Amino acid sequence: MKTLRQFKSELITERPKLEEMIENDLAELRLSEQLRQLRKEAGLTQQAVAERMHVTRSYVAQLEGKPQNVTLATLLKYARAVGAQFKVTV
């Protein structure tokens, strides 16, 4: 039986673009988890964050669920709304 790592390695060898797609999906998942965690640590609901950002609760839910094409400005607004510090590293 193959391990997940072996399976992934074979798939990537067969389809080189797949690795980039996988990494992008994982980055989105990590971002959404970090956003949810920051909000919960601040003791805020999605509605409270939405009000502080001047957006809808469903938009906050989208950011925390599957953030796509999120701008740095939006992430900065979110961070400010939950009282977190926003830092970009390269």
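Residues numbered from 1 in each chain as written. Predicted model: local features only at pLDDT ≥ 70, side-chain atom pairs only at ≥ 80, totals over all residues. Heavy atoms only, no water.

K.L.:
Could you give an account of the overall build of the protein chain, with specific residues and numbers?
P.N.:
Of regular secondary structure, the protein chain possesses 5 helices and 0 strands. In the protein chain, the order of α-helices and β-strands from amino to carboxyl end is α-α-α-α-α. With the C-alpha coordinates of the protein chain rotated into their principal frame, the extents come out at 50 × 25 × 25 Å. Relative to its 90 residues, the protein chain shows a buried fraction of 22%. Of the roughly 6900 Å² of accessible surface on the protein chain, a fraction of 54% belongs to carbon and sulfur atoms. In the protein chain, which carries 15 positive and 11 negative side-chain charges, the distance between the mean positions of the two groups comes to 5 Å. (Helix = DSSP H or I, 4+ residues; strand = E, 2+ residues; numbered from the N terminus. Buried < 20%, exposed > 50% of the residue type's maximum accessible area, 1.4 Å probe, protein only. Areas by Shrake-Rupley, 256 points an atom, 1.4 Å probe, with all protein chains shown as cover. Lys, Arg positive; Asp, Glu negative; His and termini not counted. Charge placed at Lys NZ, Arg CZ, Asp CG, Glu CD.)

K.L.:
Give a detailed account of the pattern of salt bridges, specifying residues and quantitative values.
P.N.:
In a structure, side chains of opposite charge can pair up when their charged atoms sit close to one another. The final tally for this structure, using the stated rule, is 3 salt bridges. One salt bridge connects Lys66 with Glu28, and the closest N-O pair in it is separated by 3.0 Å. You can see Lys66 sitting in the loop between helix H4 (57-65) and helix H5 (72-82) and its partner Glu28 sitting in helix H2 (residues 17-41), a full 38 residues away along the chain. Accessibility expressed as a relative area gives 21% for Glu28, which makes it partly exposed. Measuring nitrogen to oxygen at the nearest pair gives 2.6 Å for the salt bridge that ties Glu64 to Arg39. One end of the pair, Glu64, is in helix H4; the other, Arg39, is in helix H2, with 25 residues separating them in the sequence. (Salt bridge = Lys/Arg side-chain N within 4 Å of Asp/Glu carboxyl O.)

K.L.:
Please give an account of H2 that cites residues and values.
P.N.:
Helix length check: H2 (25 residues) gives 37 Å between terminal C-alpha atoms against 36 Å at 1.5 Å per residue, within 8%. Turning to H2, its buried residues are Leu18, Ser32, Leu35 and Arg39. Looking at the buried residues of H2, the elements they touch are helix H1 (4-14), helix H3 (46-53), H4 and H5. Two residues or fewer after H2 comes Gly43, characterised by a positive phi angle close to 70 degrees. (Expected span 1.5 Å × (residues − 1). Contact = heavy atoms within 4.5 Å.)

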